[in-house]
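Observations on chain architecture
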Amino acid sequence: MAMQVLGKINGRLKFLYRKEKFLTPSLKRLLCNALIQPHFDFACLAWYPNLNKKTKKKIQTCQNKCIRFCLKLKNRCHIGVKEFKLINWLPTKERFEQCLLVNIYNFINHLAPVYIVWFSSHKTRSFFQMLMLPSQTSNRRLQTISYLGPRLWNSLPTIVKSAGSVNTFKHKIKELFFYLIIKICLLYTSDAADEEEV
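**So, the packing of aromatic side chains**
Enumeration according to the criterion identifies six aromatic pairs in this entry. When the centroid spacing of 4.8 Å and the interplanar angle of 70° are considered together, the rings of Tyr17 and Phe69 count as edge-to-face. Here the residue Tyr17 occupies a position in helix H1 (residues 2-18), and Phe69 occupies one in helix H5 (residues 53-71), the gap between them amounting to 52 residues. By the ring-pair criterion, three or more aromatic residues cluster together here, those being Trp47, Tyr48 and Phe96. In this structure, Lys28 is placed above the aromatic ring of Phe69, and the distance from its NZ or CZ to the ring centre is 5.0 Å.

See the structure below:
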């Protein structure tokens, strides 16, 4: 499945590069959102968790190519937090986590189809805030949706979980990611400066 996704994305990106001289920056981004991003999202809950590190890196590299195309960057230009924030995209791993959390949000708020059952859990007073993690006996099962979903949900701040709509919830997840990654970068820079002073 992942190889099919990569093939489709690379094919569409090559097509857009051939038409690049006719496209404005805003149109480039619009076309990538319409023609390419859906391939990263389609059924990602089924295929992404089971990928090995090498394949996940290929998926991320593919997204980086799309960002370079949209921002008109050179082929070897590094893609970091600044570029992701500029284009307002999440990296593929965080994008998958966002899709998973949105499904849980819909389930908890009775917005999902009634036939969807994500996990077994007892509805207690703290059900909205904390979900029960199923017991896992192997590292492989730690990558299953039934385990990843509750673990990611439980790690979210209350202000994100209590979002009034799906779109607000998505935006808050994105804001949280950029806030945390920038905070980590600042801490790393601060530690490096302290080491130089020593």
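**Focus: the packing of H1 against H5**
Running from amino to carboxyl end, H1 crosses H5 at an angle of 15°, the nearest separation of the two axes being 11 Å. Comparing the axis directions of H1 and H5 gives the class roughly parallel. Between H1 and H5 lies a crossing of left-handed hand. In contact with Ala2, Met3, Leu6, Ile9, Asn10, Leu13, Leu16 and Tyr17 of H1, H5 contributes Thr55, Lys58, Ile59, Cys62, Lys65, Cys66, Arg68 and Phe69. The residue inventory of the contact of H1 with H5, partitioned by class, reads eleven nonpolar, two polar and three charged.

What counts as what
Residues numbered from 1 in each chain as written. Predicted model: local features only at pLDDT ≥ 70, side-chain atom pairs only at ≥ 80, totals over all residues. Heavy atoms only, no water. Phe/Tyr/Trp six-rings, centres within 6.5 Å; stacked < 30°, edge-to-face > 60°. Helix = DSSP H or I, 4+ residues; strand = E, 2+ residues; numbered from the N terminus. Lys NZ or Arg CZ within 6 Å of the ring centre and 35° of its normal. Axes fitted to C-alpha atoms, helices over the stretch in contact; angles between N-to-C directions. Parallel < 35°, antiparallel > 145°, perpendicular 65-115°, else oblique. Left-handed = near helix turned anticlockwise from the far one by under 90°. Contact = heavy atoms within 4.5 Å. Nonpolar A, V, L, I, M, F, W, Y, C, P; charged D, E, K, R; others polar.

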